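# Architecture at a glance
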Number of protein chains: 2
Amino acid sequence: MSTVDAAILKEIVGENNVRDNEADLYVYGSDSSVHEAMPWIIVRPENTEQVQAILRYANTDKIPVIPRGSGSGMCGQVVPIRGGIVLDMKGMNRILDINLKDAYCLVEPGVIDDDLNRALKPHGFFYPPTPASSRIATIGGEIANNASGTRSVKYGAVRDSLLGLKAVLGNAELVSLGTTTRVSASGYPLERLLVGSEGTLAIIVEAAMRFVPIPEFRCLGIAKFDKLADAGDAISEIISSGCQPSMLELVDKVAITAVNKSMGLDLPDVEAILIFEADGMVKQAVDYEIDKVKAVCEKNHGFGIEVSYEEKERTKIFAGRKKLFPALSKYDEFLSSTALADDMAVPFSKMAETANKIHEVADKYGIVMTAYGHCGSGCMHTKILMDTTKGEQWEAAQKAVIEIYEYVRSIGGTTSAEHGIGLSKAPAFKKEKESTLELMRSIKRVFDPNDILNPGKLMDAPDDWLTATHLRYKVGE
Amino acid sequence: MSTVDAAILKEIVGENNVRDNEADLYVYGSDSSVHEAMPWIIVRPENTEQVQAILRYANTDKIPVIPRGSGSGMCGQVVPIRGGIVLDMKGMNRILDINLKDAYCLVEPGVIDDDLNRALKPHGFFYPPTPASSRIATIGGEIANNASGTRSVKYGAVRDSLLGLKAVLGNAELVSLGTTTRVSASGYPLERLLVGSEGTLAIIVEAAMRFVPIPEFRCLGIAKFDKLADAGDAISEIISSGCQPSMLELVDKVAITAVNKSMGLDLPDVEAILIFEADGMVKQAVDYEIDKVKAVCEKNHGFGIEVSYEEKERTKIFAGRKKLFPALSKYDEFLSSTALADDMAVPFSKMAETANKIHEVADKYGIVMTAYGHCGSGCMHTKILMDTTKGEQWEAAQKAVIEIYEYVRSIGGTTSAEHGIGLSKAPAFKKEKESTLELMRSIKRVFDPNDILNPGKLMDAPDDWLTATHLRYKVGE
């Protein structure tokens, strides 16, 4: 099946950095999505010259090249649906510089988020976009997906932390994009064009990122709501009244049930929970934000409000949210937690309505869906819990997904808040961005004339993920 | 000379919105730069359909179209060096929506920065990138140049406030880019590609921007230094020690002299001044930042430190900085203040060295140059004061500019921090971005296949601004 010459690749990166046995191909054939497709070979470059040499070779034979971090992506971004070479970028994982005087750090793409933060901590700084997967997520993957997370309400997404990049284009040319300076007005910001490009435009080999001071004080709170709509009103009012929380999370009833059932926790049996945090260098400033958020929650019928500055207490309050993701996987032994329609961004004022819509659609199609997310940045997460061996469950899920995305577009939302598009969300993405798909294709041709960089994704992904692309699950067995 | 049909354009926008008399052409032939070139006609569209119709017409005959805000640009961005239609975007100046619930505003490109801030103020919010020209600068122009200003050290540049855009491509097609949601991971961020594109890729017709709460407290301070290097060390240490000022400005000796001489102010006769500000919702948090900045200044031999929360006192302290720009114009009746090499971004640790280099080069070539700027965001401003009627002064200025940019590149700086490239900085820009100029040209072809949008700028600008493009000044007369 493979039309790749392992000997040439071994020449470039060394014997040990090339893998093509069945077991390795299997591991690299899937990520954290529902998709699966086997690569021809796994190559682990250790430096930029090797990346360039691999791309020169791949261009000759038009072999697909898929750059991959840790495979924590939830939409099939690194699933090689046209085969080819998976570039395991974890071989380039050096923190090249932490430049305190000029306030940036220089990292290779395979550096793990938590490792970068461990290196910054002794200096009193942190890199803030940090998604929930920070234990394994690489900075390169985060840039390629414009990752964000719980603290993005205050600190922004990856696009807000990026200063400059070095990247290898489809034709193997190395380019330097952006700057390491704090501001720049020097022409087209090509470095930012790569944020969210999911490996389709260039392979990032170095990144200059900002960092910010670690706050001295953090206060975390929780508020309970008997009506989801009240929690939704509170979210919008927190934002519109100028509160500046460092975290604002929504957890709905389905999610609460899942956590209590699977993890043996004792979350309050209410319709919705808001978890909020404020941080700062001065306690009075944190108090000020927390008091404002509390007042808005109370005004909107929030009750049972608790807040704490103590780390132990904060960890306890946040445990329900933190354990939500694994809890959903354990919800029912016959139901898998699938990342489908899993992270829309919606207007703040529509968070509750979106959650209700999700429940309504789930009921209509007889599936289980949760609604939770980083509502402070307008990010709504869902998971579909279903028996993935049953074809009819997939069909129901697909109908639900289509209906949810139609709704999201109708209220001015967007297909993905932070997980990216890949394969799973491509049909919705293509509908949302219909007027610019050709523009995107033309840009891809500029960066990658032979269409070898992660081909068949985003605007070029199959329209029907259920039939056109490989699923990890054996349906109907 | 003109090869444009005024009748067709009058048909599109109405008789009153077309101007082609000599006096109008003269006004629109220059901006705030040293450049000048006459357009063929001035057209003022009032809505998106008119912009599209104008571009359809312009495409047929490949007529250049130059979108223009208020002409506050300092590098010749809107000087029509190939003639054509100047699109006066001030005809589209409506604030379409201030959406508090969803935390964004929707504006047409001709909205003036100060007008937007006046509209946001009653709601307790402000739009923070605000350059010094905010009294006339339009939001469209600010986006096209990735403008920033005194408070960008804390609040970022325009790229950090932008959410989404509507824009008309070179082929007259209307596209919607980005979102109005706070985060997005939906594919290529094309809206961000337009930030800094200086009207060469598309004509912005609507923008969705973020805003932030107006702080309750602002405290401004000043510190004096007998050595520029000490001020430079203070800047870098303020940043590296995790201080978070909302403003950090450097004023050098030449600038101090200019202000004192021209404006009759009584600024301290020292080598350098740092002006700093902190802001916040809680006074203790502002005190905390101010105390930290003061301590760093003192450690680095800063003296005569004064701070104040009082608006009157703050205005007085800031007057020297605020009046610097007009003061330079009045420095000497035979010397004009020219914007050449006027806003590099450099590493924080190199601010003082850059200022010294500027003085050294000015001495070498017998011209007068100042060094000042938003050092909190790494932005170094200069002006060259010279007799613009003398050819030899221009030659000296050109040599100085070349040498300064060589230095800036050698220390990892970038050609423009916030004023953009246009014509004046194109030679330096083209050297800095040499490896990506073809990439930029290919991208321009995608957005504007007939090269009608602001042609001959950025990567396509003449290499020798002194001889190849029109100067406003009559040299040698």
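Note that the structure is predicted; figures quoted are calculated from it, not measured.

On to the overall build of chain A. Counting secondary structure elements, chain A contains 18 helices and 21 strands. Overall size of chain A, expressed as C-alpha extent along the three principal axes, is 65 × 60 × 40 Å. A burial count over chain A gives 65% of its 477 residues as buried. Restricting to contacts in chain A with at least 6 residues of sequence separation, those with at least 24 account for 73%. For chain A, the computed accessible surface area is about 16,700 Å², with 48% contributed by carbon and sulfur atoms. For chain A, the distance from the average position of its 53 positive side-chain charges to the average position of its 66 negative side-chain charges is 2 Å.

This next bit is on the pattern of salt bridges. In the structure shown here, the tally under the stated rule is 53 salt bridges over all chains. When the shortest N-O distance is used, the salt bridge between A:Lys444 and A:Asp448 registers 2.6 Å. Given a relative accessible area of 4%, A:Lys444 falls into the buried group. One salt bridge connects B:Glu191 with B:Arg192, and the closest N-O pair in it is separated by 2.7 Å. Neither B:Glu191 nor B:Arg192 differs from the other in exposure class; each is buried. Each of the salt bridges in this network shares a partner with another, and the network as a whole consists of A:Arg82, A:Lys444, A:Asp448 and A:Asp451.

Take the relation of the copies chain A and chain B next. Both copies of the chain are tied together by a single rotation about an axis and a shift running along it. Rotating chain A by 180° and moving it 0.0 Å along the rotation axis overlays it on chain B with an RMSD of 0.0 Å. Considering both components of the superposition, the chain copies are consistent with a two-fold axis. A symmetric contact is evident, with 100% of the interface residues of chain A recurring at the interface of chain B.

All right, on to the packing of helix α17 (residues 437-447) of chain A against helix α17 (residues 437-447) of chain B then. In the contact formed by α17(A) and α17(B), the axes pass within 10 Å of each other and the chain directions differ by 160°. The orientation of α17(A) with respect to α17(B), classified from their angle, is roughly antiparallel. Like other packed secondary-structure pairs, α17(A) and α17(B) cross with a definite hand, here right-handed. In contact with A:Leu439, A:Ser442, A:Ile443, A:Val446 and A:Phe447 of α17(A), α17(B) contributes B:Leu439, B:Ser442, B:Ile443, B:Val446 and B:Phe447. Across the contact of α17(A) with α17(B), the residue classes break down as eight nonpolar, two polar and no charged.

Contacts between chain A and chain B engage 83 residues on the former and 83 residues on the latter. Taken together, the two surfaces of chain A and chain B that pack against each other cover about 6,400 Å², and 62% of this comes from carbon and sulfur. In terms of surface lost to chain B, no three residues of chain A exceed A:Arg159, A:Val183 and A:Tyr188, which account for 13% of the buried area on that side. At the junction of chain A and chain B, the tally comes to zero salt bridges. At the junction of chain A with chain B, the criterion picks out 20 residue pairs in polar contact (both at pLDDT 80 or more). If you list the elements that add at least two residues to the side of chain A that touches chain B, you get α7 (158-161), β8 (162-169), β9 (174-178), α8 (190-193), α9 (228-240), α11 (283-299), α16 (426-432) and α17 of chain A. A total of seven residues in the side of chain A that touches chain B trace back to one element, the largest contributor, which is α17(A). Tallied by class, residues from the side of chain A that touches chain B come to 36 nonpolar, 32 polar and 15 charged.

Let's shift gears to the pairing of strand β12 (residues 217-225) of chain B. Each regular strand shows side chains that alternate between the opposite faces of the sheet. All names here are of chain B. Burial within β12 is extensive, with eight of its nine residues counted as buried. Relative to strand β14 (residues 272-280), β12 is paired through nine bridges, and the arrangement is antiparallel. Counted as the bridge partner of Cys219 is Ala278 from β14. Taken together, the four bridges between β12 and strand β15 (residues 303-308) define a ladder with antiparallel strand orientation. Bridged to Gly221 within β15 is Val307.

This brings us to helix α3 (residues 48-61) of chain A. All names here are of chain A. The end-to-end C-alpha distance of α3 is 21 Å, a good match for the 20 Å that 14 residues give at a rise of 1.5 Å each. For α3, a buried count of ten out of 14 residues is recorded, marking the element as mostly surrounded by other parts of the structure. Those residues of α3 that sit buried are Thr48, Gln50, Val51, Gln52, Ala53, Ile54, Leu55, Tyr57, Ala58 and Asn59. Capping the start of α3, Asn47 holds a side-chain oxygen 3.2 Å from the backbone nitrogen of Glu49, two or three residues further along. The positive-phi residue at the C-terminal boundary of α3 is Lys62, with phi of around 50°.

What follows deals with helix α10 (residues 253-263) of chain B. Residue and element names in this part refer to chain B. Looking at α10, one finds that the buried residues are Val254, Ala255, Ile256, Ala258, Val259 and Ser262. Taken together, the buried residues of α10 touch β13 (247-252), β14, α12 (311-322), α13 (324-329), α14 (351-365) and β18 (368-369). Just beyond α10, the residue with positive phi is Gly264, at close to 65°.

For the rest of this paragraph, the subject is the environment of A:Lys253. Residue and element names in this part refer to chain A. For Lys253, the location among the structural elements is in helix α10 (residues 253-263). Separated by 119 residues in the primary sequence, Lys253 and Tyr372 have C-alpha atoms spaced 9.3 Å apart. Those residues in contact with Lys253 that sit more than four places away from it in its chain are Asp269, Val270 and Glu271.

Residue and element names in this part refer to chain B. Helix α15 (residues 391-410) packs onto α14 with a crossing angle of 155° between their chain directions and a minimal axis gap of 10 Å. Considering the angle they form, α14 stands roughly antiparallel to α15. In terms of crossing hand, the pair formed by α14 and α15 is right-handed. Counted together, Glu353, Thr354, Lys357, Ile358, Val361, Lys364 and Tyr365 of α14 and Ala396, Lys399, Ala400, Glu403, Ile404 and Tyr407 of α15 form the full contact between these two elements. In the contact of α14 with α15, the residues fall into seven nonpolar, one polar and five charged.

Now for the sheet that holds strand β4 (residues 85-88) of chain A. Two strands in a sheet stick together by hydrogen bonds in their backbones, pointing the same way (parallel) or opposite ways (antiparallel). Residue and element names in this part refer to chain A. In spatial order, the strands read β1-β2-β4-β3; together these four strands make up an open sheet with mixed pairing. Every interior strand has two partners, whereas the edge strands, β1 (18-19) and β3 (65-68), have only one. Packed onto the sheet, helix α1 (residues 6-13) meets β1, β2 (41-43) and β4 and runs at close to 10° relative to β2. Against the sheet, α3 makes contact with β2, β3 and β4, and its axis sits at roughly 175° relative to β4, the strand it touches most.

Right, let's talk about the side chain of B:Ser152 for a bit. All names here are of chain B. Examined against the element boundaries, Ser152 turns out to sit in helix α6 (residues 152-155). A polar side-chain atom of Ser152 sits 2.9 Å from the main-chain amide nitrogen of Gly149. At 2.9 Å, the side chain of Ser152 forms a polar contact with the backbone oxygen of Gly156. Discounting chain neighbours no more than four positions away, the residues touching Ser152 are Pro129, Ala157 and Ser377.

Attention now moves to the sheet that holds β18(B). Residue and element names in this part refer to chain B. Across the sheet, three strands lie side by side as β16-β21-β18; this open sheet has antiparallel pairing. Edge positions in the sheet fall to β16 (336-338) and β18, since each has one partner strand and no second. Examined bridge by bridge, β16 and strand β21 (residues 384-386) share three bridges and lie antiparallel to one another. Within the sheet, the bridge partner assigned to Thr338 lies in β21 and is Ile384.

All right, on to the nonpolar core then. A:Ile143, A:Phe447, B:Ile143 and B:Ile443 are the most contacted members of the largest nonpolar core, which totals 85 residues. For this core, the leading source of residues is α17(A), giving six residues. Here A:Phe447 is in contact with A:Leu169, A:Gly170, A:Asn171, A:Leu193, A:Leu194, A:Leu201, B:Leu439 and B:Ile443, once residues within four sequence places are set aside.

Right, let's get into the domain arrangement of chain A. It is common to give the size of an interface as the accessible area lost on bringing the parts into contact. Residue and element names in this part refer to chain A. As assigned here, chain A comprises domain 1 (1-214 + 423-477) and domain 2 (217-323). Taking only C-alpha atoms, the centre of domain 1 and the centre of domain 2 are 34 Å apart. Between domain 1 and domain 2, the contact holds eight residues from the first and ten residues from the second. Approximately 790 Å² of surface area, both sides summed, lies buried where domain 1 meets domain 2, with 51% of it carried by carbon and sulfur atoms. Between the two partners, domain 1 and domain 2, sit two salt bridges. Linking domain 1 with domain 2 are three residue pairs in polar contact (both at pLDDT 80 or more), by the criterion used here. With three residues, the single largest contributor to the side of domain 1 that touches domain 2 is helix α6 (residues 152-155). Its residues placed into classes, the side of domain 1 that touches domain 2 shows five nonpolar, one polar and two charged.

Conventions used here
Residues numbered from 1 in each chain as written. Chains lettered and ligands numbered in written order. Predicted model: local features only at pLDDT ≥ 70, side-chain atom pairs only at ≥ 80, totals over all residues. Heavy atoms only, no water. Helix = DSSP H or I, 4+ residues; strand = E, 2+ residues; numbered from the N terminus. Buried < 20%, exposed > 50% of the residue type's maximum accessible area, 1.4 Å probe, protein only. Contact = heavy atoms within 4.5 Å. Areas by Shrake-Rupley, 256 points an atom, 1.4 Å probe, with all protein chains shown as cover. Lys, Arg positive; Asp, Glu negative; His and termini not counted. Charge placed at Lys NZ, Arg CZ, Asp CG, Glu CD. Salt bridge = Lys/Arg side-chain N within 4 Å of Asp/Glu carboxyl O. Least-squares fit on C-alpha atoms with pLDDT ≥ 70 in both. Axes fitted to C-alpha atoms, helices over the stretch in contact; angles between N-to-C directions. Parallel < 35°, antiparallel > 145°, perpendicular 65-115°, else oblique. Left-handed = near helix turned anticlockwise from the far one by under 90°. Nonpolar A, V, L, I, M, F, W, Y, C, P; charged D, E, K, R; others polar. Buried area = accessible area lost by both parts, 1.4 Å probe. Polar contact = N/O pair within 3.5 Å; in protein donor to acceptor, adjacent residues only side chain to side chain. Pairing = 2+ DSSP bridges. Expected span 1.5 Å × (residues − 1). Core = buried A, V, L, I, M, F, W, Y, C linked by side-chain atoms within 4.5 Å. Domains from an automatic or database assignment.

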